[in-house]
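# Breakdown of the fold
The chain contents come next:
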Amino acid sequence: MTYATVNPFTGETVTRFKDATDEEVTRAIGKAQAAFESWRNTSFAERASIMQNAANLLRKDIDAYASLLTLEMGKLIGEARAEVELSANIFEYYAVHAKRLLAPESLPVANLTEGQAVLTHEPLGVLLAIEPWNFPYYQVARIIAPQLSAGNTILLKHASNVPQCAQAFEKLMKEAGLPSGAFQNVFATRSQIELILDDPRVCGVALTGSEAAGSSVAAQAGKALKKSTMELGGADAFVVLADADLDKTVNWAVFGRHWNGGQVCVSSKRMIVVDGLYESFLERYKKGVGALKAGNPTLPDTTLAPLSSQQAADDIKARIKEAVAHGATATEVGPPVPTTGAFVQPTILTDIAADNPARNWEFFGPVSMLFRAKDDDEAIAIANDSPFGLGGSVFSADPAHGARVARQISTGMVFVNHPTMVKADLPFGGIRHSGYGRELLGLGIKEFVNHKLIDIVSIDAPF
């Protein structure tokens, strides 16, 4: 594994970093454990102050942080600023709410002679966070803000193409006042993940990434009897019902599929349109996608980013060809994208038969799959015909109608009249091949704590 900054717009290799040695990894675990012994005993007020400091620093230097996102993974500069602000919001959320979320809970006891039962929530210790490149700050913030607030310490193994973003967050937390060793970036190799998880001082792992990565790491964690959470891929359905406001729905479809260059686990990858609106939707959707402007992601008028790397672009082009080889129709949309940089021409796939394996793929880029459904029931069936179960959306002019359909879609998140979104005060997570566990809110902060019962019982209680 090579940690390097390669500008996906220019192809220039900016800088490289050396992989960590086994000794450096082991030393980092030791520092994290030493930090945990004191950090676990800090007050919620002290932890909250540091989380708020991190939020303030992100906002103060928003342009510098955003520029680094654009440099390393090609994110549009406006979207980069939004990611920095979202990360700040997450830190701020836990600064305000962590103490309440982890407050001891009194439990009702049937026999009053048994005294008082209390459920406490105590930190586990050192955690490993394995995070992807598509949201280099947000993905890290949504695990470290709650887990540091809970009293855990964290080692970060970030994606190899965003090493400077990883370093920036380590520096951020030091500047915010976090004790040395409580959060460390480690340029670990894939083979060193097992070394980390086998160490008895490490208590769990949180991974956001691909199915393949999740399967491998979950197996390693299971073998070591360590707690894990997995936030994996998605192929979100974008269901358009017969009573949808078509113009507004199409606008959301274009945005929902193409933000962050289409490289989002919860982007709207499968458009499922009820028959009466299908042709009109397709015509307007082509027009909306065709209006996107691919180009330099640092310029504010660019609306379609390059992919994160040339390899990513080559991979998705190969997948389009494979889908066509199995019978799908691929229609390229819009003016030609630049020939330099990691761009992929926006493409719409139709005629995707039931036996076409592309129906079960996650296209991580500007590729849309369109399906025609005769009614609500068939739309729901197509939406649920996926190995993934992350997010999804339903569009209807009648919110009650949309909610009825949403309740029948088998995913961790469903939005009515909006593509799947991410916010500091909404939970995030999926089912099936999209993983398990939840991040953010109280669900996230309680994933890596010991839910310990303390039951004070009268010594004269009956046997």
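Each remark here, short or long, concerns the structure printed above.
Residues numbered from 1 in each chain as written. Predicted model: local features only at pLDDT ≥ 70, side-chain atom pairs only at ≥ 80, totals over all residues. Heavy atoms only, no water.

Here we take up unusual backbone geometry. Of note in this structure, Arg432 is not a glycine but carries a positive phi near 55°. The backbone of Leu440 sits at a positive phi, close to 75°, despite the residue not being glycine. Structurally, Leu440 is set in the loop between β17 (435-436) and α14 (441-445). Using a relative accessible area of 0% as the deciding quantity, one classes Leu440 as buried. (Helix = DSSP H or I, 4+ residues; strand = E, 2+ residues; numbered from the N terminus. Buried < 20%, exposed > 50% of the residue type's maximum accessible area, 1.4 Å probe, protein only.)

In this section: the side chain of Lys226. Here Lys226 is to be found in the loop between α8 (211-223) and β9 (227-231). No salt bridge is formed by the buried Lys226. Its closest oppositely charged neighbour is Asp198, at 6.3 Å. A distance of 2.8 Å separates the side chain of Lys226 from the backbone oxygen of Val202, its partner in a polar contact. Dropping the residues within four chain positions of it, Lys226 is found in contact with Leu197, Asp198, Asp199, Pro200, Val202, Cys203, Gly204 and Ala221. (Lys, Arg positive; Asp, Glu negative; His and termini not counted. Salt bridge = Lys/Arg side-chain N within 4 Å of Asp/Glu carboxyl O. Polar contact = N/O pair within 3.5 Å; in protein donor to acceptor, adjacent residues only side chain to side chain. Contact = heavy atoms within 4.5 Å.)

A word on the packing of helix α2 (residues 44-60) against helix α5 (residues 138-150). At a minimum axis separation of 9 Å, α2 and α5 run at an interaxial angle of 155°. The orientation of α2 with respect to α5, classified from their angle, is roughly antiparallel. Here α2 and α5 pass one another in a crossing that is right-handed. Here Phe44, Arg47 and Met51 of α2 lie close against α5, whose contacting residues are Ala145, Leu148, Ser149 and Ala150. (Axes fitted to C-alpha atoms, helices over the stretch in contact; angles between N-to-C directions. Parallel < 35°, antiparallel > 145°, perpendicular 65-115°, else oblique. Left-handed = near helix turned anticlockwise from the far one by under 90°.)

Moving on, we get to the pattern of salt bridges. As enumerated under the stated definition, the model contains 17 salt bridges in all. We note a salt bridge from Glu105 to Lys446, for which the minimum N-O separation is 3.5 Å. Highlighted residues: Glu105 in strand β3 (residues 105-107) and Lys446 in the loop between α14 and β18 (449-456), separated in sequence by 341 residues. Here Glu105 falls in the partly exposed class, since its relative accessible area comes to 31%. With a closest N to O distance of 2.7 Å, Asp301 and Lys293 form a salt bridge. By relative accessible area, which is 42% here, Asp301 ends up partly exposed. Three or more residues are tied together by salt bridges with common partners; here these are Arg59, Glu85 and Glu92.

By the secondary structure assignment, Asn185 is in strand β7 (residues 183-185). Judged by relative accessible area, which is 12%, Asn185 ranks as buried. Other than its neighbours up to four places away in sequence, Asn185 contacts Leu156, Ala166, Gln167 and Glu170.

The next subject is the layout of surface pockets. If you add up the space inside the second largest pocket, you get close to 410 Å³. Lining the second largest pocket are 20 residues; nearest its centre among them are Ala82, Leu86, Phe255, Trp259 and Val422. Those elements giving two or more residues to the lining of the second largest pocket turn out to be α4 (77-101) and α9 (246-258). The element that contributes the greatest number of residues to the lining of the second largest pocket is α4, accounting for six residues. By residue class, the composition of the lining of the second largest pocket is eleven nonpolar, five polar and four charged. (1 Å grid on protein atoms, 1.4 Å probe; cavity = no way out; pocket = protein on both sides within 12 Å on 5 of 7 lines; lining within 4 Å. Points joined across faces, edges and corners; volume = space filled by probe spheres on them. Nonpolar A, V, L, I, M, F, W, Y, C, P; charged D, E, K, R; others polar.)

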